[in-house]
Amino acid sequence: MLTFRRALVAAAFFLTVFYLISSSSSNPPSVATPAVPKADADVEAAKHASTTAGTDKSPSRHNSAQQNPQGQQPIQDMSRMTLYEKLAYQFPYDVESKFPAYIWQTWKWTPAHSEFNFRDQEATWTQQHPGFIHEVITDKVAVHLIRLLYASVPEVVEAYNALPLPVLKADFFRYLILLARGGIYSDIDTYAIRSAVEWIPDSVPKDAIGLVIGIEADPDRPDWKEWYSRRIQFCQWTIQSKPGHPVLREVISRITDATLAMKRNGTLRGVLDKNVIEFTGPALWTDVIFEYFNDKRYFDMTHSAGSIDWRNFTGMEVSKRVGDVVVLPITSFSPGVGQMGAKDYDDPMAFVKHDFEGTWKPESERHIGENK
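Model, not experiment: these values are computed from the prediction.

What counts and what doesn't
- Residues numbered from 1 in each chain as written.
- Predicted model: local features only at pLDDT ≥ 70, side-chain atom pairs only at ≥ 80, totals over all residues.
- Heavy atoms only, no water.
- Helix = DSSP H or I, 4+ residues; strand = E, 2+ residues; numbered from the N terminus.
- Buried < 20%, exposed > 50% of the residue type's maximum accessible area, 1.4 Å probe, protein only.
- Contact = heavy atoms within 4.5 Å.
- Areas by Shrake-Rupley, 256 points an atom, 1.4 Å probe, with all protein chains shown as cover.
- Pairing = 2+ DSSP bridges.
- Phe/Tyr/Trp six-rings, centres within 6.5 Å; stacked < 30°, edge-to-face > 60°.
- Salt bridge = Lys/Arg side-chain N within 4 Å of Asp/Glu carboxyl O.
- Axes fitted to C-alpha atoms, helices over the stretch in contact; angles between N-to-C directions.
- Parallel < 35°, antiparallel > 145°, perpendicular 65-115°, else oblique.
- Left-handed = near helix turned anticlockwise from the far one by under 90°.
- Nonpolar A, V, L, I, M, F, W, Y, C, P; charged D, E, K, R; others polar.
- Polar contact = N/O pair within 3.5 Å; in protein donor to acceptor, adjacent residues only side chain to side chain.
- Core = buried A, V, L, I, M, F, W, Y, C linked by side-chain atoms within 4.5 Å.
- pLDDT = per-residue confidence, 0-100.

Asker: I tried to follow the overall build of the chain on my own but got confused; where do I start?
Answerer: Looking only at helices and strands, the chain features 10 helices and nine strands. Out of the 372 residues belonging to the chain, those deemed buried represent 48%. Restricting the contact set of the chain to residue pairs at least 6 apart, pairs at least 24 apart contribute 74%. Carbon and sulfur atoms provide 56% of the accessible area of the chain, an area that totals close to 18,700 Å².

This is the structure in structure tokens:
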């Protein structure tokens, strides 16, 4: 018998079912489609950099307007993007994020292999960075890792596989892994003297810095061109970066474009060891960094006394900040070299020791003390 109480329960049940059905069939809330990334929509549009020698170059902080809106974002059609835009889309840059606790190194063998002969050097990085993930990547693993990380940007994978010399691949890999994952890259023949926690001065907020680099060469002599490619040369045997940094993006774009162009016209196999510095090495690295320092997309040059060039860094003994980049003096990554103002290993600014063993060369051509 249908009592009043049972009728009330039944009515409530049917009303609930009707509400759920009508709600599920209504249109879901729309999600705004983000604009296709332009040259650098994911980083600060303007930073201020002074060019007075001996002073820090301090930018304004990144604003929050470029942060991704809440909610799931639709996949973008990358077919009409430039390579630079693809990399920006796939690996966005957030300067306010933390530096990832990764240490990346490459060698023929891992430390577990009997022929691994850099145990002392490799161990210092683990000792100085407890809690960091420390990986020594072999050539075979690197191929698969790049294929995985850059599957959505196949031209990068094609360029990596096409490079004819191991040193070219080694250079390219460090930029690729830092763009995709961030952290620290350092050559296998380096010793960590001090933790990376000390690399950025306490006076500089870490959420305003996305790249830490050091000076490799500051040859204050008239014949410097006979020895180095640039008057001030930034080293790339040790780099710390947050994922997606625009400098890495630009370097990868240039190497990829140049490699594929040479592959198409049949000149890639003609690249020799002497061309490496300009093609993938410290000359290219230095050029892109200086261009970044003077790029109006990132820096407000209105109040600048002029272009930022080698004069702003020669003879420096303490770190300098240029926008979201910290530049360390030559002592930091090249202590004990006995020239160009580099101080000894016990100096407070000495962070990494490099043995210069030419690990990128064949065994028969290596000797200690040779610069890359």
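There is more to say, and it comes next.
Asker: Help me understand the pairing of strand β5 (residues 211–217), please; the structure alone is not making it clear to me.
Answerer: The two faces of the sheet receive side chains in turn, since in a regular strand these alternate between them. Burial of β5 is extensive: seven of the seven residues sit out of reach of the surface. The pairing of β5 with strand β6 (residues 233–241) spans five bridges and is antiparallel. What sits directly across from Leu211, in β6, is Ser241. Bridge count between β5 and strand β8 (residues 325–328): four bridges; the pairing is parallel. In the sheet register, Gly214 faces β8, and the bridge partner there is Leu328.

Asker: Please clarify how the packing of aromatic side chains should be interpreted in this entry.
Answerer: What characterises a pair of aromatic rings is the spacing of the ring centres plus the angle enclosed by the ring planes. Overall, the coordinates contain 19 aromatic pairs when judged by the stated rule. Between Trp199 and Phe333 the ring centres are 5.2 Å apart and the planes differ by 65°, which places this aromatic pair in the edge-to-face class. Taken as a pair, Trp199 in the loop between β4 (190–192) and β5 and Phe333 in helix α10 (residues 330–333) lie far apart in primary sequence, 134 residues in all. Neither Trp199 nor Phe333 differs from the other in exposure class; each is buried. Measuring from centroid to centroid gives 5.4 Å for Tyr292 and Phe299, while their planes differ by 80°, and the two rings are edge-to-face. Look at Tyr292 and you get buried, because its relative accessible area is 4%.

Asker: Honestly, the pattern of salt bridges in this entry has me stumped. Any pointers?
Answerer: Pairing between side chains of opposite charge can happen when the charged atoms of each approach one another. According to the stated counting rule, one finds 16 salt bridges in the structure shown. Close ionic contact of Glu198 with Arg194 constitutes a salt bridge, the shortest N to O distance being 3.9 Å. On the basis of relative accessible area, Glu198 is assigned to the partly exposed category, the value being 45%. Here Asp309 makes a salt bridge to Arg311, at a shortest N to O gap of 2.6 Å. Since its relative accessible area comes to 23%, Asp309 is described here as partly exposed. Connected through salt bridges with shared partners, the residues Asp171, Arg174 and Asp187 form a single ionic network.

Asker: I keep staring at helix α5 (residues 154–162) and nothing clicks. Help me out?
Answerer: Turning to α5, its buried residues are Glu155, Val156, Val157, Ala159, Tyr160 and Ala162. Buried residues belonging to α5 abut α2 (83–90), α4 (139–149), α6 (166–181) and α7 (246–264).

Asker: Please clarify how the packing of α4 against α5 should be interpreted in this entry.
Answerer: Axes are the key here: two packed helices are described by the angle between their axes and the distance separating the axes. Two numbers describe how α4 lies on α5: the axes approach to 9 Å, and their chain directions differ by 165°. Between α4 and α5, the interaxial angle falls into the category roughly antiparallel. Here the hand of the crossing between α4 and α5 comes out right-handed. Across the interface between the two elements, Ala142, Val143, Ile146 and Arg147 of α4 pack against Val157, Tyr160 and Asn161 of α5. For the contact of α4 with α5, the residue count by class is five nonpolar, one polar and one charged.

Asker: Mind showing me how you'd approach the environment of Asn312 here?
Answerer: When you line up the elements, Asn312 lands in the loop between α9 (282–293) and β7 (320–322). Assessed through its relative accessible area of 5%, Asn312 is described here as buried. With 80 residues separating them in the primary sequence, Asn312 and Ile232 have C-alpha atoms 9.6 Å apart. Here the side chain of Asn312 touches Asp309 through a polar contact of 2.9 Å, landing on its backbone nitrogen.

Asker: Sorry, what's going on with the nonpolar core here?
Answerer: One recurring pattern in soluble globular proteins: nonpolar side chains tend to sit buried together. If you look at the biggest cluster of nonpolar residues, it comprises 63 residues, and the most contacted ones within it are Tyr150, Phe172, Phe234, Trp285, Phe293, Phe313 and Val327. For this core, the leading source of residues is α6, giving 10 residues. The contact partners of Trp285, leaving out residues within four places of it in the chain, are Tyr175, Leu211, Ile213, Phe234, Cys235, Gln236, Ile239, Val247, Leu248 and Val251. By size, the runner-up hydrophobic cluster in this structure holds 20 residues, among which are Phe99, Ala192, Ala196 and Val352.

Asker: Can you walk me through the confidence of the model for the chain in this structure?
Answerer: Regions with low pLDDT should not have their predicted coordinates read in detail. Scored by pLDDT, the chain comes out at a mean of 82, with 76% of its residues at no less than 70. Of the regions scoring below 50 in pLDDT, residues 17–69 engages in 105 contacts with residues more than four places distant in sequence or in other chains. When the criterion is pLDDT under 50, residues 359–372 qualifies, and its contacts beyond four places in sequence or with other chains add up to 35 contacts.

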